[in-house]
Amino acid sequence: MSTENSETVPATAPAADAAPASAPQSESQLATEPTPAPATEPSLAPAAEPAPAAAPVAVAAAEAVTAAPAPAPAPATTVEEIQETKAMEPVAPEPSVVTEKVDAPVEEPQNALTRKFTEAEWKAVKELRSKLPEIFSKAYPDASPAPTSVTLWGVTLSTTPDAKASVVLAKFARARELNVAQAAEMLVATLRWRDEFKIDEVVKEEFDQDVFGRLGKVFGKDKEGRPVTYNLYGAVKDMKAVFGDVQRFIRWRVQFMEESIKLLDFETVDQMVQIHDYEGVSMTQRDANQKAAAKEATSIFQNHYPEFLSRKFFINVPTLLTWIFWLFKPLISANTLSKMSVVGSGAKTIGAELSQVIDPKELPKRYGGQAEGFD
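Below is a summary of the structure that appears in this document. Computed from a predicted structure; not experimentally measured.

Section: the overall build of the protein
Item 1. Within the protein, the secondary structure is distributed over 14 helices and seven strands.
Item 2. Across the 375 residues in the protein, those meeting the buried criterion constitute 31%.
Item 3. Of all intrachain contacts in the protein linking residues separated by at least 6 positions in sequence, the fraction that spans at least 24 positions is 72%.
Item 4. Of the roughly 24000 Å² of accessible surface on the protein, a fraction of 55% belongs to carbon and sulfur atoms.

Some points on the packing of helix α4 (residues 119-130) against helix α7 (residues 180-197)
Item 1. Between α4 and α7, whose axes approach to 10 Å, the crossing angle comes to 50 degrees. On the basis of their axis angle, the class for α4 and α7 is oblique. Taken as a pair, α4 and α7 cross one another with a handedness that is right-handed. For the pair α4 and α7, contact is made by A124, E127 and L128 and by V180, A183 and A184, respectively.
Item 2. Here the contact of α4 with α7 is composed, by residue class, of five nonpolar, no polar and one charged.

With respect to the pairing of strand β4 (residues 227-232)
Item 1. Burial of β4 is extensive: six of the six residues sit out of reach of the surface.
Item 2. The two faces of β4 match: P227, T229 and N231 on one face and V228, Y230 and L232 on the other face are all buried.
Item 3. When strand β3 (residues 216-221) meets β4, the two strands line up antiparallel, connected through four bridges. Directly across from K217, in β4, lies its bridge partner Y230.
Item 4. As consecutive antiparallel partners, β3 and β4 are separated by five residues, and within that stretch G225 has a phi angle of approximately 90 degrees, a positive value.
Item 5. The pairing of β4 with strand β5 (residues 272-277) spans five bridges and is classified as parallel. Opposite T229, over in β5, you have Q274 as the bridge partner.

Regarding the pattern of salt bridges
It is possible for side chains of opposite charge to pair when their charged atoms get near one another.
Item 1. Here the structure, examined in full by the defined rule, presents 11 salt bridges.
Item 2. With a closest N to O distance of 3.2 Å, E134 and K138 form a salt bridge. Of this pair, E134 and K138 are both found in helix α5 (residues 132-139), four residues apart, which corresponds to roughly one turn of the helix.
Item 3. Overall, the relative accessible area of 43% leaves K138 in the partly exposed class.

Side note on the side chain of T190
Item 1. Mapped onto the secondary structure, T190 falls in helix α7.
Item 2. Judged by its relative accessible area of 0%, T190 is buried.
Item 3. Within polar-contact distance, the side chain of T190 engages the backbone oxygen of N303 at 3.4 Å.
Item 4. In this view, T190 contacts F172, N303 and H304; residues no more than four positions away in its chain are not counted.

Some remarks on the side chain of R129
Item 1. Within the element layout of this structure, R129 appears in helix α4.
Item 2. At 2.9 Å, the side chain of R129 forms a polar contact with the side chain of E108.
Item 3. Not counting the four nearest positions on each side in its chain, R129 is found in contact with E108, W122, S158, T159, P161, S166 and L169.

A short note on the environment of T156
Item 1. Topologically, T156 is positioned in strand β2 (residues 155-157).
Item 2. Separated by 12 residues in the primary sequence, T156 and V168 place their C-alpha atoms 9.6 Å from one another.
Item 3. Apart from the residues within four sequence positions on either side, T156 is in contact with S149, V150, T151 and A165.

A word on unusual backbone geometry
Leaving glycine out, the prevailing phi sign among residues is negative, and the prevailing peptide bond configuration is trans.
Item 1. Look at the link from S144 to P145: it is a cis peptide, with omega at 0 degrees.
Item 2. Position of P145 among the secondary structure elements: in the loop between α5 and β1 (150-152).
Item 3. Backbone geometry places K198, a non-glycine residue, at a positive phi of 60 degrees.
Item 4. The phi torsion at E307 lies on the positive side, around 55 degrees, for a residue other than glycine.

What counts and how
Residues numbered from 1 in each chain as written. Predicted model: local features only at pLDDT ≥ 70, side-chain atom pairs only at ≥ 80, totals over all residues. Heavy atoms only, no water. Helix = DSSP H or I, 4+ residues; strand = E, 2+ residues; numbered from the N terminus. Buried < 20%, exposed > 50% of the residue type's maximum accessible area, 1.4 Å probe, protein only. Contact = heavy atoms within 4.5 Å. Areas by Shrake-Rupley, 256 points an atom, 1.4 Å probe, with all protein chains shown as cover. Axes fitted to C-alpha atoms, helices over the stretch in contact; angles between N-to-C directions. Parallel < 35°, antiparallel > 145°, perpendicular 65-115°, else oblique. Left-handed = near helix turned anticlockwise from the far one by under 90°. Nonpolar A, V, L, I, M, F, W, Y, C, P; charged D, E, K, R; others polar. Pairing = 2+ DSSP bridges. Salt bridge = Lys/Arg side-chain N within 4 Å of Asp/Glu carboxyl O. Polar contact = N/O pair within 3.5 Å; in protein donor to acceptor, adjacent residues only side chain to side chain.

Here's what the structure looks like:
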């Protein structure tokens, strides 16, 4: 690739053994300056032989003339001479002239969410994207050849820049505080888990609506357009029907999360608001299955669904759970803590808190809003 669009011609110095060129002379100079000695000017007629005694003097004079330094060139007096002089000088390129062809950086596709990325986040996203072939190879070691792209939450991940894909990759980067190596490990683990969990089958599984249909609801949006999901733990009194089969509960809970994510476009919205309603729940009567289900569900969402929560509200919380929350508060990161709120009971109290994030028209009346909501 050429690095310059023009060449410069350096001025050539006169040869050391060449006689210097005489500068042009004006008429006044010709009249006042003495005529050079015959020994230095060429003649067409044969020169008379000098007397033997004069030969050394003529040779010395000729050597002196040959060794004399070249006189400075006379100033250019014509347009042609000026142009010729400029042509002999190195010419610096004009500021507006491109002298080197540089491959333009790949322009990143943008959307409303990517425009909010910081410089550090963009750096992490680009580096994580470059590692995708290696990530896919580790996630699917039995695949030959390894896939060049993977669809995650309806978004295609590949080394080709894409705005939605950048939003998804940013979630993993942020979840690991922009540590790309750790974000890559998290993505590998997530892809492996989804494959082993058979996520495509889980989202199609049918569950008893009389039991699980009342446990989770999606209703309304917050003031930023994020969907609002409700987990109604006390809606079903028969806890054995819910937690008797822990793995069945986990599959339902994952399916509910996947259905909620389908409401995100990854262009203007990539998070949701969760409301956990503990009305009618007794924290002292939790059995081993309930504790195991809660522990496994928490692990799954922490490790494989990064940065999907904008806010989480715990409402109608039993006094014991409130004390537990405050006990563990010092162990919770500031970022996580800023997203969590523990609210007391009663529509007025709950509405005062939730209405800061959710417009009353989008909030069910049972929570102090104006919407009819759900039964």
